[in-house]
Amino acid sequence: MKRSKILALGLALALTAGLLAGCTGGSGSQSPAPTPSQTVTPTPTPSETAPAEKQTVNLAVLKGPSGVGAAKLLADSDAGETANDYAYSIMADNTEIVAGLSSGSLDIAAVASNVAANLYNKTNGGIQIAAVSGLGVLYILENGNTVQSMADLKGQTLYATGQGANPEYVLNYLLTENGVDPAEVDIQWKTADEVSALMVSGEARLCMMPVPAATAIQMSNPDVREALDLSAEWDGLNNGSHLTMTCIAVRTAFAQEHPEAVENFLADYAASVEYVKGDPAAASELVAQYGITPKAKIAELAIPKCSLVCITGKVDMADAIQGYFEVLSAANPDALGGSIPDDGFYFE
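Residues numbered from 1 in each chain as written. Predicted model: local features only at pLDDT ≥ 70, side-chain atom pairs only at ≥ 80, totals over all residues. Heavy atoms only, no water.

An unreviewed UniProt entry lists the protein under the name ABC transporter substrate-binding protein, from Intestinimonas massiliensis.

Caption draft 1: Structural view of the side chain of serine 196. For serine 196, the position within the fold is in helix H6 (residues 192–201). Beyond its immediate chain neighbours, meaning those up to four positions away, serine 196 contacts Met209 and Ile217. (Helix = DSSP H or I, 4+ residues; strand = E, 2+ residues; numbered from the N terminus. Contact = heavy atoms within 4.5 Å.)

Caption draft 2: Quick look at the packing of helix H10 (residues 259–278) against helix H11 (residues 280–289). The N-to-C vectors of H10 and H11 enclose an angle of 120°; their axes lie 6 Å apart at closest approach. On H11, the residues touching Tyr275, Val276, Lys277 and Gly278 of H10 are Pro280, Ala282, Ala283 and Leu286. Of the residues that constitute the contact of H10 with H11, the class distribution is six nonpolar, one polar and one charged. (Axes fitted to C-alpha atoms, helices over the stretch in contact; angles between N-to-C directions. Nonpolar A, V, L, I, M, F, W, Y, C, P; charged D, E, K, R; others polar.)

Caption draft 3: Representation of the sheet that holds strand S10 (residues 246–251). Spatial ordering of the open sheet is given by S2-S1-S3-S10-S4-S11, a layout of six strands whose pairing is mixed. What marks the edges here is a single partner per strand, and that holds for strand S2 (85–91) and strand S11 (308–311). Strand-to-strand twist of the sheet, defined as the mean angle between neighbouring strand axes without regard to direction, takes the value 30°. Bridge count between strand S3 (residues 108–112) and S10: five bridges; the pairing is antiparallel. Its bridge partner being in S10, alanine 109 is matched across the sheet by alanine 249. Sitting on the sheet, helix H2 (residues 71–78) touches strand S1 (56–62) and S2, and the angle it makes with S2 is about 135°. Against the sheet, helix H4 (residues 113–122) contacts S3, strand S4 (127–134) and S10, and its axis sits at roughly 115° relative to S3. (Pairing = 2+ DSSP bridges.)

Caption draft 4: Representation of the sheet that holds strand S9 (residues 224–229) in the model. Spatial ordering of the open sheet is given by S7-S6-S8-S5-S9, a layout of five strands whose pairing is mixed. The sheet is open, and its two edges are formed by strand S7 (186–189) and S9, each paired on a single side. Averaged over all pairs of adjacent strands, the angle between their axes in this sheet comes to 30°, without regard to strand direction. Pairing analysis gives two bridges linking strand S6 (residues 157–160) to strand S8 (residues 206–210), with the strands arranged parallel. Across the sheet, the residue bridging to tyrosine 159 is cysteine 207, located in S8. Along the sheet, helix H5 (residues 166–177) makes contact with strand S5 (138–143), S6, S7 and S8, crossing S7 at roughly 175°. Most of the contacts of H6 go to S8, to which it runs at about 135°, and overall it touches S5, S6, S8 and S9.

Caption draft 5: Structural context of the pairing of S2. Counting buried positions along S2 gives six out of seven residues, so the element sits mostly inside the fold. Two elements, S1 and S2, share seven bridges in a ladder whose sense is parallel. Across the sheet, leucine 59 pairs through a bridge with tyrosine 88, a residue of S2. (Buried < 20%, exposed > 50% of the residue type's maximum accessible area, 1.4 Å probe, protein only.)

Caption draft 6: Quick peek at the pattern of salt bridges. On inspection of all chains with the given rule, the structure shows eight salt bridges. The salt bridge partner of lysine 305 is glutamate 226, with a shortest N-O separation of 2.6 Å. Placement of lysine 305 in the loop between helix H12 (296–302) and S11 and of glutamate 226 in strand S9 is noted, with a sequence separation of 79 residues between them. Among the residues examined, glutamate 226 registers a relative accessible area of 32% and is labelled partly exposed. The residue glutamate 300 makes a salt bridge to lysine 297 at a minimum N-O spacing of 3.9 Å. Of the two residues, glutamate 300 and lysine 297 both sit in helix H12, three residues apart, roughly one turn of that helix. Its relative accessible area of 29% is what places glutamate 300 among the partly exposed residues. Since its relative accessible area comes to 45%, lysine 297 is described here as partly exposed. Put simply, Glu142, Arg205 and Arg225 are held in one network by salt bridges that share partners. (Salt bridge = Lys/Arg side-chain N within 4 Å of Asp/Glu carboxyl O.)

Caption draft 7: Summary view of the environment of proline 65. Along the chain, proline 65 falls in helix H1 (residues 65–68). In sequence terms proline 65 and cysteine 306 are 241 residues apart; their C-alpha atoms lie 5.8 Å from each other. Excluding anything up to four places from it in sequence, proline 65 contacts Val137, Pro210, Val211, Pro212, Cys306 and Leu308.

Caption draft 8: Representation of the packing of aromatic side chains in the model. Overall, the coordinates contain nine aromatic pairs when judged by the stated rule. Judged by centre distance (6.0 Å) and plane angle (50°), the ring pair of phenylalanine 325 and phenylalanine 345 falls under tilted. Pair noted here: phenylalanine 325 is in helix H13 (residues 314–331) and phenylalanine 345 is in the segment after H13, with a separation of 20 residues, a long-range link. Like phenylalanine 345, phenylalanine 325 is buried. Here the aromatic rings of phenylalanine 345 and tyrosine 346 are separated by 5.3 Å at their centres, their planes lie at 70°, and the arrangement is edge-to-face. The residues phenylalanine 345 and tyrosine 346 share a single accessibility class, namely buried. Three or more aromatic residues joined by ring pairs make a cluster, and in this case those are Tyr120, Tyr173, Trp234, Tyr324, Phe325, Phe345 and Tyr346. Across the ring face of tyrosine 275, the terminal group of lysine 72 is positioned such that the distance to the ring centre comes to 4.9 Å. In this structure, lysine 305 packs its charged tip against the face of tyrosine 139, placed 5.3 Å from the ring centre. (Phe/Tyr/Trp six-rings, centres within 6.5 Å; stacked < 30°, edge-to-face > 60°. Lys NZ or Arg CZ within 6 Å of the ring centre and 35° of its normal.)

Below you can see the structure in the form of structure tokens.
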């Protein structure tokens, strides 16, 4: 686990009171020295006072698209330039983050939006979301040119990653809405590395993968094409919602105890997202440096497709994600832990 150094800044201010010299009168006599009640100790100005110690935040982000937006934050943390001190981890799976948030070893984490909803319901409000951080990033890739629609997946073998999380629920919903029973597709759930190897070698013909992993596959095997953009497929249903696949989750107890630290994080994270989106070439070096993607070139090509956002505020977050949750709940309430989270789900 890589942790940023905690900056312990203790500035000792030596305030020296100037000695008042006696005034010489016309007789040459020295005026009496001031009594203790007459001595005034200067009050330090704000700039002279020691800065408050930064709050340490245990932070985790996932490899892949949900971690991309945090790359500059991690670099700034290492440089001591963030509002908080971040003891951060780069994790490979949502289950690791769920365990950390549940045990209290993590304070803030980037996680799949439906996973955050599950945690909120199963911990009786122990988890909130502080920001919507990512929209749709899923693609159907093909070694070939036969799949032009979701309906074309019927009877096919599709390799995929993300079982039990947003990708599975999104796929099942889109298949169903296009007249395909998910049982009519042979969905092989594997790790991202396993799916990538199968697609690059040509052993597998179809897969569902998020960027940047999808980008890496296409770079390694030029015969692989982008068959379907699942965000576009979702939008084509005109169901009044958009894919909102990732969010920033925070432990409710931590947010209540350290609301300023959460606000500081949101400022740090928003700045990081803007940097990554504004300069993919420079940001890609950081993304690779922190192991969020294996190579900088993959990150550079993938960043424009990562749908990075930083939507904060109770009303704006609810507006962004509520329609998506309604669709998931109608398709499978278990995707959200049994029900759509109430207003307490949103940090404010």
